[in-house]
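# Examining the three-dimensional arrangement
Given next are the chains, with one letter for each unit.
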Amino acid sequence: MKNLLLKISILVTTGCIISGCQPEFTEPAIKKGNVDATVFVAIGDDFTAGYTDGALYFEGQKNSFPNLISMQFKLAGDSNFVQPLMNENSVGIGNSGKSKSVLGYATDCLGASSLKPIPYSSTGDLNALTINLFPTIGPFNNMGVPDLKLSELNKLAYGNSTLGNGNYNPFFSRMASDPQVTSVLDDATILFPTFFSFFAGTNDVLAYALKGAASNNITPSNGGAGIGFDGSLDNAITTLKSFGGNGVIGTIPDILDFPFFTTIPIDGLALDSASATLMNAIYGPIGMNFQIGKNYFTIEDTTQPFNVRTLKPGEFILLNIPLDSVKCFKLGSVYPIPNRYIITETEANEIRNAITTYNSIIQATAQQHNLAVADIHQFFKKLKAGFVYNGISLNSSFVSGGAFSLDGIHLNARGNALLANEFLKAINAKFGSNFPLIDATKYKGVTFP
Amino acid sequence: MMKILPSLFLTFCFLSDLMAQGFQVNLQGQKQQAMGSAACATIQDASSLFYNPGSTCFLPKNSIMAGVSTTFGRTAFQDSATNSISRTESPVGTPFTFYSAFAVKDSSSRMKMGIGIYTPFGSGIKWEDGWTGRFALTSIKLLSIFIQPTFSYRINDKIGIGAGFIFATGSVTLKKDIPVIDADGNYANATLQGSANGSGFNAGIYYKPNNKLSLGLSYRSQVNMNVDNGKAEFQVPSALAANFPNGAFSSSLPLPSVFTAGFALTLKEKFMIAGDINYVGWSAYKALEFDYEKNTPSLIDTHSERNYKNTFAFRAGVQYKKDEKIFLRGGLSYVITPVQPGYVTPETPDATRLNIAGGFSYIINKKIAVDASFTYQRLKRADTNLETQLSGTFKTFVYIPGFGLVYTL
């Protein structure tokens, strides 16, 4: 009896230790619902392309949100997702010709070294923009084109370099089926998409905001295809739906929550006693007062007498302001900051009103065409407020926030995984599917030296 | 007789790590484990020093005993959003016990004294590399050893009382990853390590109204384990070294009080049944806090709500005396979790559970007997943690084969 019990106990225990007796889970079968992802095509701009750290480069493209979505679609069956990938070892190419940024040390005009985004290479991979990839690896499922505005979707010869700088999009030149002829929308239909994601329209305000609202324009809400937001959107969705597939559309984020606009504090003008005296000597006579300590920066404003005033709450300084000039050459104090680095309250209202109108157009169009709506606007608001994901605290702070890349506009890999999840959640809710979400802890945030 | 103790102290200094209710470990005697740990009113052996010091004085003989409960735990977690499954590597825990009880003068003496060394709380869990909850926890090792010198006094043939002072010592090692990555693609990580001390008492009353029935009450006090000079070490990219300075930290962990009421009933001489109810003062565990000596904007003191609630455990067991040499035992316990919804963590993926146990004793001769026990626990808990937002289902299997040796003098 004793031996029997002992044997049983040893047998059970050793058996369990060696062979398992592991806790098991049944993985729920994936339901596709009304999603036919045989041919999944993603239409959009920088966000869809996987543009990150100020450039288009291989790793960013691999982590583009539609590529991550396609990997979840693949769990339920075959679906090939072809992207116009950069070379794996390319330094990347940004829209101003620069390479991708990395975190590194840079010395400022005061001789102080600090950690900040620096170019990975002295120049971007300009070559990548001159080679058309369509004949070798096209057509493409990822039709995300950096800098694309929604109002440009049906613009013919959009990749035609002979039209000269500013009149064509070099990112489209490298992937278009015929850069001299086609539009992005034309090329998006080559594969007859059975399912599509549509996330465009951010650049219709962002391009303006990135110029400090000093140049470029906000796309008007109303107008025909190629002119207004509503006409362009309706034309694009009608075209994409003509193949009978379903789709998901994303709303436009409040771009003024991006670190590109929120990182430089508008009241970051620190004055010591001598500087405050100097500033009051210069600006006191026109009614501007400065104190020792924190002050609002001075800016150019042509609506003011003497074309100068201080910033006020609700206004923004752009991240591309030359900080050395601020630190060493009295920019923002004695010399007011030029308007191209500033979003004033009026401009901010203009931008936010446009986004609100765009989003109501998106909602109405989605309803009309029975699309799933991913509330990306809400996602970025949640990020701004800050949230925790599997023990990771995320918010929209620059570098330390954990979700934005080093350009302060686009997301890093982890942010893109969370963005992809927003689309997947909307798809599952609308179309009765249950594609699993992506484990965003498997995707990197910012890399530190 | 007491001279023998110091050497045995050292001999039995095993480590212990495993999980049980919260991080309570109910493995303080092989005979009792095999009966679902219903033991407050039974007089088995010197382990009564733990289960009810009031009953020790009724032990017929002096004895020394030692035991170890080898604990094999396996936990898996399925993320509810991604369906991905993560597993723990299974560190083997070896909670041990040592008890020695002696009559103060001769065997007819009313007073007995003894010492118990046991591991009432502990936890050991190591998650697989790169698991989805790595930023909440990668591994924890919590160890506590209670040393309890005890006096037990038989007031008359029916009533005994006893009490012991508890000197508690322990250690904790906790590791987690930090969500920043270096140029080689490695995540930063933090290791918090410290030793802790505390004190308390264990007291009980034993009442035996007749030959068949006995009743017991015992109370083990809460013991606050304070880590005063812990060591926090951070492996971070060099650019962030100043943000995460290595240095000291302090923390504390309350080990809760346990109030137990139990009975034992002998039936037809060969059978004994026993039942216990534990009331565990888990509500003392309100938060896990780490106070770092050097704070930076990246390294702030942490306050993680735990909000455990007081709970009950119900235990029942039966013993069958086959013959003079062999005793067979079986037991069940139903243990209610102190962990409330929203507070389940990968360090203690606790759940209300039913434990099944069995075992036997074999009396080799008048002096030596061996005990064996086997306990099986199975836990399942689905939760979304309010602090980390880790959401999914934890499943745990625990197998605890245990062996003990009793030497009767």
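Let us look at the structure shown here. Since the model is a prediction, treat every value here as computed from it, not as a measurement.

Turning to the overall build of chain A, a few remarks are in order. Across its full length, chain A holds 15 helices and 16 strands. Overall, the C-alpha framework of chain A stretches about 100 × 70 × 40 Å when taken along its three principal axes. The long-range share in chain A, meaning contacts at least 24 apart out of those at least 6 apart in sequence, stands at 71%. Only carbon and sulfur atoms are counted for the fraction: they give 54% of the accessible area of chain A, which is about 18400 Å². Within chain A, the 34 negative side-chain charges are centred at a point lying 8 Å from the centre of the 29 positive side-chain charges.

A word on the pattern of salt bridges. Residues and elements named next belong to chain A. A full pass over the atoms with the stated rule returns 19 salt bridges over all chains. The partner of R352 in a salt bridge is D254, and the shortest N-O contact between them spans 2.8 Å. One end of the pair, R352, is in helix α13 (residues 345–368); the other, D254, is in the loop between β6 (246–250) and α10 (259–262), with 98 residues separating them in the sequence. Of the residues examined, D254 reaches a relative accessible area of 4% and is grouped as buried. The partner of D254 in a salt bridge is K381, with the nearest N and O atoms 2.9 Å apart. Residue D254 is found in the loop between β6 and α10, and its partner K381 is found in helix α14 (residues 376–385); the two are separated by 127 residues along the sequence. Judged by its relative accessible area of 30%, K381 falls in the partly exposed class.

Applying the stated rule across the entire model yields one disulfide over all chains. For C109 of chain A, the disulfide goes to C328 of chain A, at an S-S distance of 1.9 Å. A torsion of 90° about the S-S bond marks the disulfide between C109 of chain A and C328 of chain A as right-handed. Taken together, the residues span a long stretch of sequence, with C109 of chain A in the loop between β2 (101–107) and β3 (113–119) and C328 of chain A in helix α12 (residues 323–328) at a distance of 219 residues. There is no disulfide at C40 of chain B, and the cysteine sulfur nearest it, in C57 of chain B, is 13 Å away.

This next bit is on the sheet that holds strand β1 (residues 40–44) of chain A. Residue and element names in this part refer to chain A. Across the sheet, five strands lie side by side as β4-β1-β5-β6-β13; this open sheet has parallel pairing. Each end of this open sheet is capped by a strand with a single partner; those strands are β4 (142–144) and β13 (372–374). Pairs of neighbouring strands in the sheet enclose a mean axial angle of 15°, with direction left out of account. Strand contacts of helix α4 (residues 65–74): β1, β4 and β5 (195–199), with the helix running at about 160° to β1, the strand carrying the most contacts.

Taken together, the 43 residues of chain B in the interface contact 39 residues of chain A. In this assembly, chain B packs against chain A so that about 3600 Å² is buried in total across both faces, 62% of it on carbon and sulfur atoms. The interface formed by chain B and chain A holds one salt bridge in total. Where E24 of chain A meets R87 of chain B, a salt bridge forms, and the shortest distance between an N and an O atom there is 3.2 Å. Applying the counting rule to chain B against chain A returns 15 residue pairs in polar contact (both at pLDDT 80 or more). Contributions of two or more residues to the side of chain B that touches chain A are made by β2 (71–79), β3 (85–89), β9 (159–182), β20 (353–363) and β22 (391–408) of chain B. With eight residues, the single largest contributor to the side of chain B that touches chain A is β22 of chain B. Residues belonging to the side of chain B that touches chain A are distributed by class as follows: 24 nonpolar, 13 polar and six charged. Sheet analysis places strand β16 (residues 447–448) of chain A next to β9 of chain B, joined by two bridges and oriented parallel. Its bridge partner being in β9 of chain B, F448 of chain A is matched across the sheet by D182 of chain B.

Once that is clear, we can look at unusual backbone geometry. With omega at -5°, the peptide bond leading from G138 of chain A into P139 of chain A counts as cis. You can see P139 of chain A is positioned in the loop between α5 (134–137) and β4.

This brings us to the nonpolar core. Of all hydrophobic cores here, the largest spans 187 residues; its most connected members are F73, F198, F261, I343, I351 and F380 of chain A. For this core, the element with the highest residue contribution is helix α15 (residues 413–431) of chain A, accounting for ten residues. Excluding residues that lie within four positions of it along the chain, I351 of chain A makes contacts with V205, Y208, A209, I218, I255, L256 and I343 of chain A. Listed in part, the ten residues of the second largest apolar core include I64, A66, F96 and I117 of chain B.

All names here are of chain A. Viewed as axis vectors pointing N to C, α4 and α15 meet at an angle of 55°, and their least axial separation amounts to 8 Å. Classified by the interaxial angle, the pair formed by α4 and α15 is oblique. The way α4 lies across α15 gives a crossing that is right-handed. For the pair α4 and α15, the contacting residues are F65, L68, I69, Q72 and F73 in the first and N416, A417, L419, A420, F423, L424 and I427 in the second. Residues that form the contact of α4 with α15 fall into these classes: ten nonpolar, two polar and no charged.

A surface patch of negative charge is lined by E289, D291, D301, E305 and E387 of chain B. For D291 of chain B, a relative accessible area of 40% translates into the label partly exposed.

Bringing the side chain of D383 of chain B into the picture now. All names here are of chain B. Along the polypeptide, D383 turns up in strand β21 (residues 368–384). Within the structure, D383 has its side chain in polar contact with the backbone nitrogen of G342 (distance 2.8 Å). Setting aside residues no more than four positions away along its own chain, D383 makes contact with Q340, P341, G342, Y343, V344, L390, S391 and G392.

To continue, consider the pairing of strand β13 (residues 247–255) of chain B. Residues and elements named next belong to chain B. With eight bridges joining them, strand β12 (residues 223–235) and β13 adopt antiparallel strand pairing. Within the sheet, the bridge partner assigned to V227 lies in β13 and is S251. Alignment of β13 against strand β16 (residues 287–292), held across two bridges, turns out to be antiparallel. Considered in β16, the bridge of F249 is made with Y292.

Right, let's talk about the environment of K158 of chain B for a bit. Residue and element names in this part refer to chain B. Mapped onto the elements, K158 comes out in the loop between β8 (139–154) and β9. Owing to a relative accessible area of 41%, K158 belongs among the partly exposed residues under this scheme. In the structure, K158 is positioned 50 residues away from K208 in sequence and 4.7 Å away in space, judged by C-alpha atoms. What K158 contacts, discounting residues up to four positions off in sequence, is F58, Y206, Y207, K208 and P209.

Another aspect to go through is α13 of chain A. All names here are of chain A. For α13, with 24 residues, the first-to-last C-alpha span of 35 Å sits near the 34 Å given by 1.5 Å per residue. Turning to α13, its buried residues are E347, A348, I351, A354, I355, Y358, N359, I361, I362, T365 and A366. Trailing α13 by a residue or two, N370 shows a phi angle of about 55°, which is positive.

Here the focus is the environment of F25 of chain A. Examined against the element boundaries, F25 of chain A turns out to sit in the loop between α1 (2–19) and β1. The contact partners of F25 of chain A, leaving out residues within four places of it in the chain, are A76, F77, Q78, I85, T393 and K395 of chain B.

Cut-offs used in this document
- Residues numbered from 1 in each chain as written.
- Chains lettered and ligands numbered in written order.
- Predicted model: local features only at pLDDT ≥ 70, side-chain atom pairs only at ≥ 80, totals over all residues.
- Heavy atoms only, no water.
- Helix = DSSP H or I, 4+ residues; strand = E, 2+ residues; numbered from the N terminus.
- Contact = heavy atoms within 4.5 Å.
- Areas by Shrake-Rupley, 256 points an atom, 1.4 Å probe, with all protein chains shown as cover.
- Lys, Arg positive; Asp, Glu negative; His and termini not counted.
- Charge placed at Lys NZ, Arg CZ, Asp CG, Glu CD.
- Salt bridge = Lys/Arg side-chain N within 4 Å of Asp/Glu carboxyl O.
- Buried < 20%, exposed > 50% of the residue type's maximum accessible area, 1.4 Å probe, protein only.
- Disulfide = S-S within 2.5 Å.
- Pairing = 2+ DSSP bridges.
- Axes fitted to C-alpha atoms, helices over the stretch in contact; angles between N-to-C directions.
- Buried area = accessible area lost by both parts, 1.4 Å probe.
- Polar contact = N/O pair within 3.5 Å; in protein donor to acceptor, adjacent residues only side chain to side chain.
- Nonpolar A, V, L, I, M, F, W, Y, C, P; charged D, E, K, R; others polar.
- Core = buried A, V, L, I, M, F, W, Y, C linked by side-chain atoms within 4.5 Å.
- Parallel < 35°, antiparallel > 145°, perpendicular 65-115°, else oblique.
- Left-handed = near helix turned anticlockwise from the far one by under 90°.
- Patch = residues over 30% accessible without salt bridge, like charges linked within 9 Å, V, L, I, M, F, W, Y side chains within 5 Å.
- Expected span 1.5 Å × (residues − 1).

By themselves these figures say nothing about function.
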